[in-house]
Amino acid sequence: MRDFYPGFESHTVDVGEARLFCRVGGNGPPVVLVHGFPQTHVMYHAIAPTLAKTHTVVVADLRGYGWSSVPASQAGAGYAKRVMGADIVRLMEQLGHARFAYVGHDRGARVGYRLALDRPERIERLTLLDILPTYKVWQAIERGAAAAAHWAFLAGPEPVPETEILKDPVGYFEGLMAKWTKGGDLSAFAPAALTAYRMGFNEPNRIHAFCEDYRAGATLDRADDLADLKAGKRIKCPLLVLTGDFYLTSGGTDVLSAWREAFAPHAVGHVIDAGHFVAEENPAEVLAALVPFLSAAG
């Protein structure tokens, strides 16, 4: 299998309930890069080497994904974003970083903003790649304004989605990935990266973990969002929102305004010429926005 991060060290770190796999490289202020569904740490292969020129870069697999362990869970309890965020804090502590910048895509971005709300003392800067707040997605789904059928399907009662996906896991997950790219196919992904993703989503226990991730989103994560919204909590660190111009925005959604209305009134953002997978579809534009943001003072 191709080494996507030559010169990076490999670590498997015990964080309590889980053991997280990560790659670490570079030197400078720490930044952790966290992937989304249904991918692994490999998704940052076109981004991390550049960031490692100025930062200590940690590229991690979430619990249940990639090469990390798969803690048991029912009803989403083991995959709430609050739980997964605590994993990242412990991982970074074990690597010697009490405070750090955070870059997250998709589910990893949901872990990131939950962590920024729960543990503001830990996060220096936060970058979210192509997501809306979880509670806003569910509100849109329930009023029929969001084409996100996979959210309700994956969050369905066990073992219904697990059983259906196991009939053809590669076909199911790659079908979603192709649909979410701007080009409507898999050409945006390096062939070796697709091989790595297939290794990660072709196992029954990981498929269950993915469903638990979405079950948590439908219940626990949504409830946490609404409680913080009611309490007036805000993300205190600088926040950069990078959004593709195809996936979230296809229904006319103003993603940056959604974040400003919810948890981050001072968020800044850029729209990238890409679908959902901005870091792989257009890494140059992502880096053009991300590098100065991570390097800014204050």
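So, here is what we can say about the structure in this document. What you are looking at is a predicted structure, and each value in this text was computed from that prediction instead of being measured.

Here we come to the pattern of salt bridges. For the structure on display, the rule yields 25 salt bridges. Asp221 is the salt-bridge partner of Lys81, the closest N and O atoms lying 2.6 Å from each other. Residue Lys81 is located in helix α2 (residues 81–94), and its partner Asp221 is located in helix α9 (residues 204–231); the two are separated by 140 residues in the primary sequence. When its relative accessible area of 3% is taken as the criterion, Lys81 is described as buried. Put simply, Asp273 and Lys182 hold a salt bridge, and the shortest N to O gap is 2.5 Å. Here the residue Asp273 occupies a position in the loop between β8 (268–272) and α11 (278–281), and Lys182 occupies one in the loop between α7 (169–180) and α8 (191–201), the gap between them amounting to 91 residues. The class for Asp273 is partly exposed, based on a relative accessible area of 41%. For Lys182, a relative accessible area of 38% translates into the label partly exposed. A single network of salt bridges, built from pairs that share partners, joins Arg82, Arg114, Asp118, Asp224, Asp225, Asp228 and Lys233.

Moving on: the nonpolar core. Residues Tyr44, Ile88, Tyr102 and Leu126 are the most contacted members of the largest nonpolar core, which totals 100 residues. Not counting the four nearest positions on each side in its chain, Leu126 is found in contact with Tyr102, Gly112, Tyr113, Ala116, Ile235, Cys237, Pro238, Leu239, Leu240 and Phe293.

Bringing the environment of Arg260 into the picture now. Mapped onto the elements, Arg260 comes out in helix α10 (residues 255–262). On a C-alpha basis, the gap between Arg260 and Arg234 in space is 9.7 Å, while along the polypeptide they are 26 residues apart. Excluding anything up to four places from it in sequence, Arg260 contacts Pro265, Ala267 and Val268.

The next point concerns the sheet that holds β8. Read from one edge of the open sheet, 8 strands run β1-β2-β4-β3-β5-β6-β7-β8, paired in mixed fashion. Both outer strands of the open sheet, β1 (9–14) and β8, are each paired with one neighbouring strand and no more. Taken over all neighbouring pairs, the strand axes of this sheet differ in orientation by 20° on average, direction set aside. Where β1 meets strand β2 (residues 19–26), 6 bridges bridge the pair, whose relative direction is antiparallel. By the bridge assignment for β2, Asp14 is matched with Arg19.

The rules we used
Residue positions are given per chain, counted from 1 along the sequence in the order it is written. Only residues with pLDDT of at least 70 are given local features in this predicted model, and only at 80 or more are side-chain atom pairs given and counted; all residues enter the totals for whole chains, interfaces and linings. Excluding hydrogens and water, the side-chain values take into account all heavy atoms of the structure. Here, a salt bridge means any side-chain nitrogen of Lys or Arg that lies within 4 Å of a carboxyl oxygen of Asp or Glu. The numbering of helices and of strands both runs from the N terminus, where a helix is a DSSP run of H or I of at least 4 residues and a strand a run of E of at least 2. In this scheme, a residue with accessible area under 20% of its type's maximum is buried, one over 50% is exposed, and one in between is partly exposed, where area comes from a 1.4 Å probe on protein chains only. The term nonpolar core refers to a set of buried residues drawn from Ala, Val, Leu, Ile, Met, Phe, Trp, Tyr and Cys, joined through side-chain atoms within 4.5 Å. Any two residues having at least one pair of non-hydrogen atoms within 4.5 Å are treated as being in contact. Two strands qualify as a pair provided DSSP detects at least 2 bridges between them. Axis lines are fitted to C-alpha atoms, over the contacting stretch for helices. Their N-to-C directions set the angle, which ranges from 0 to 180 degrees.

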